[in-house]
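Read off the chains here:
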Amino acid sequence: MKSGGSERHAKRLSKTWPKANFDQSKDFMSGNDAASVGLEALAAKYDAFVIVCSSYGDGDPPSNFENFLRLLYTSDEGVLAGKQLAAPARPSNWQQLQP
């Protein structure tokens, strides 16, 4: 079951961007939707990517991210050359890690 927590987190994170001095075009899509667009098309449209994805078990991707992950693993290594990438993460046991 997907609760939408990652999407909510991405949208909350993006609200801090108006303070930054750069083009703030934002698109929110599932990993599988991004995979159907293709890395080449995404790279042509954007200079930076923020990837937010939930996980389960031992870091396994949810079903709506599997195609994008497969595309990342199998694509030509240079397709995202020069792009800025960020993948914020929060372990599922983050509450237990708090002091």
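Anything mentioned here points back to the structure above.
This write-up is about the structure you can find in this document. (Residues numbered from 1 in each chain as written. Predicted model: local features only at pLDDT ≥ 70, side-chain atom pairs only at ≥ 80, totals over all residues. Heavy atoms only, no water.)

**Structural notes on the overall build of the protein chain**
Now for step 1: Within the protein chain one finds 5 helices and 2 strands.
Now for step 2: Going residue by residue from the N terminus, the α and β elements of the protein chain occur as α-α-α-β-α-β-α.
Now for step 3: Put simply, the protein chain shows about 7600 Å² of open surface, and 50% of that area lies on carbon and sulfur atoms. (Helix = DSSP H or I, 4+ residues; strand = E, 2+ residues; numbered from the N terminus. Areas by Shrake-Rupley, 256 points an atom, 1.4 Å probe, with all protein chains shown as cover.)

**A closer look at the environment of S63**
Now for step 1: Residue position: S63 is located in the loop between β1 (48-50) and α4 (66-74).
Now for step 2: Using a relative accessible area of 42% as the deciding quantity, one classes S63 as partly exposed.
Now for step 3: Taking the C-alpha atoms as reference points, S63 and S30, 33 residues apart in sequence, are found 9.9 Å from one another. (Buried < 20%, exposed > 50% of the residue type's maximum accessible area, 1.4 Å probe, protein only.)

**A look at the nonpolar core**
Now for step 1: In terms of nonpolar packing, the biggest core is built from 11 residues, these being A34, A35, L39, L42, A43, Y46, F49, F65, F68, V79 and L80.
Now for step 2: Of all the secondary-structure elements, those providing two or more residues to this core are α2 (31-37) and α3 (39-45).
Now for step 3: Counting residues per element, this core draws most heavily on α3, at 3 residues.
Now for step 4: Other than its neighbours up to four places away in sequence, V79 contacts L39, E40 and A43. (Core = buried A, V, L, I, M, F, W, Y, C linked by side-chain atoms within 4.5 Å. Contact = heavy atoms within 4.5 Å.)

**Here we look at the pattern of salt bridges**
Now for step 1: Using the criterion set out here, one finds 1 salt bridge in the structure.
Now for step 2: Of the charged contacts in the structure, one is a salt bridge between K83 and D47, with a shortest N-O distance of 3.7 Å. One end of the pair, K83, is in the loop between α4 and β2 (84-86); the other, D47, is in the loop between α3 and β1, and 36 residues separate them in sequence.
Now for step 3: For D47, a relative accessible area of 61% translates into the label exposed. (Salt bridge = Lys/Arg side-chain N within 4 Å of Asp/Glu carboxyl O.)

**Observations concerning the packing of aromatic side chains**
Now for step 1: The final tally for this structure, using the stated rule, is 2 aromatic pairs.
Now for step 2: Seen in terms of ring centroids, Y46 and F49 are 6.1 Å apart; in terms of plane orientation they differ by 70 degrees. Their pairing is edge-to-face.
Now for step 3: Residue classification places F49 among the buried residues on the basis of a relative accessible area of 14%.
Now for step 4: With a centroid separation of 5.5 Å and 65 degrees between ring planes, the pair formed by F65 and F68 is classed as edge-to-face.
Now for step 5: By relative accessible area, F65 is classed as buried at 12%.
Now for step 6: Judged by its relative accessible area of 6%, F68 falls in the buried class. (Phe/Tyr/Trp six-rings, centres within 6.5 Å; stacked < 30°, edge-to-face > 60°.)

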